[in-house]
Amino acid sequence: GTTSVGPADVFVSHTWGARFGDLVAAAAAVVQPDQYVWCDIFAVRQWPGNGADIDFSGVVQRSRAFLLCCTRVDLHDKDQLAAAQAIRDKHEKKEA
């Protein structure tokens, strides 16, 4: 039999300015049928006010891969750049 629940293989996220359909299309293009996806927008509240809710470091470290979908990144938006850099840094730390 198959199961629909298991430890995350792929952490999936997108920038707040991106379209949800782009995230789905990107995930469909790269995630294998036997992999489990942890999608941040379904797992935690997405507004500021509680740092623990938007700290994904634990699940990123336990995932074998991550997918960050950026329809566009405003290079002048410090929040978008900080989020992308934090995820990149966590991935690089995991690889070391």
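Structure's up top.
Residues numbered from 1 in each chain as written. Predicted model: local features only at pLDDT ≥ 70, side-chain atom pairs only at ≥ 80, totals over all residues. Heavy atoms only, no water.

A.B. asks: Describe the packing of aromatic side chains, and please don't skip the residues or the numbers.
C.D. replies: All told, the structure shown has one aromatic pair when counted by the stated rule. When the centroid spacing of 5.6 Å and the interplanar angle of 20° are considered together, the rings of Phe-11 and Trp-38 count as stacked. You can see Phe-11 sitting in strand E1 (residues 10-14) and its partner Trp-38 sitting in strand E2 (residues 37-39), a full 27 residues away along the chain. Residue classification places Trp-38 among the partly exposed residues on the basis of a relative accessible area of 24%. (Phe/Tyr/Trp six-rings, centres within 6.5 Å; stacked < 30°, edge-to-face > 60°. Helix = DSSP H or I, 4+ residues; strand = E, 2+ residues; numbered from the N terminus. Buried < 20%, exposed > 50% of the residue type's maximum accessible area, 1.4 Å probe, protein only.)

A.B. asks: Give a description of a nonpolar patch on the surface that names residues and reports values.
C.D. replies: Nonpolar side chains collect at one region of the surface, where Phe-20, Val-24 and Phe-42 lie side by side and expose about 330 Å² of accessible area between them. Here Val-24 shows up in helix H1 (residues 20-30). (Patch = residues over 30% accessible without salt bridge, like charges linked within 9 Å, V, L, I, M, F, W, Y side chains within 5 Å. Areas by Shrake-Rupley, 256 points an atom, 1.4 Å probe, with all protein chains shown as cover. Salt bridge = Lys/Arg side-chain N within 4 Å of Asp/Glu carboxyl O.)

A.B. asks: Would you mind going over the side chain of Asp-9 in detail, with residue names and values included?
C.D. replies: Along the polypeptide, Asp-9 turns up in the segment before E1. Among residues more than four places away in sequence, those in contact with Asp-9 are Asp-34, Gln-35, Tyr-36, Ser-63, Arg-64 and Ala-65. (Contact = heavy atoms within 4.5 Å.)

A.B. asks: Tell me about the environment of Ala-26, and please be specific about residues and values.
C.D. replies: Among the structural elements, Ala-26 can be located in helix H1. Placed twelve residues apart in sequence, Ala-26 and His-14 show a C-alpha to C-alpha distance of 10.0 Å. Ignoring any residue separated from it by four or fewer positions in sequence, one finds Ala-26 in contact with Leu-67 and Cys-69.

A.B. asks: Which residues make up the nonpolar core, and what are the values?
C.D. replies: A general feature of soluble globular proteins is that nonpolar side chains tend to end up buried together. Residues Val-10, Val-12, Leu-23, Ala-27, Val-31, Cys-39, Leu-67 and Cys-69 constitute the largest nonpolar core, which totals eight residues. Beyond its immediate sequence surroundings of up to four residues, Val-10 is in contact with Val-31, Gln-35, Tyr-36, Val-37, Trp-38, Ser-63, Ala-65, Phe-66 and Leu-67. Residues Phe-11, Phe-56, Val-59 and Val-60 belong to the second largest nonpolar core, which totals five residues. (Core = buried A, V, L, I, M, F, W, Y, C linked by side-chain atoms within 4.5 Å.)

A.B. asks: Help me get a handle on the pairing of E1, residues and values and all.
C.D. replies: The buried count for E1 comes to five of five residues, which makes it a mostly enclosed element. Going residue by residue along E1, you find Val-10, Val-12 and His-14 tucked away on one face and Phe-11 and Ser-13 tucked away on the opposite face as well. On the question of chirality, the crossover connecting E1 to the parallel E2 by way of H1 is right-handed. In terms of strand pairing, E1 meets strand E3 (residues 65-69) through five bridges, oriented parallel. Looking at E3, one finds that His-14 is bridged to Cys-69. (Right-handed = clockwise from strand over helix to strand, strands pointing away. Pairing = 2+ DSSP bridges.)

A.B. asks: So what about the side chain of Ser-13? Which residues, and what values?
C.D. replies: Considering the arrangement of structural elements, one finds Ser-13 in strand E1. A relative accessible area of 6% places Ser-13 in the buried class. Filtering out sequence-adjacent residues up to four positions away, Ser-13 remains in contact with Leu-23, Asp-40, Leu-67, Leu-68 and Cys-69.

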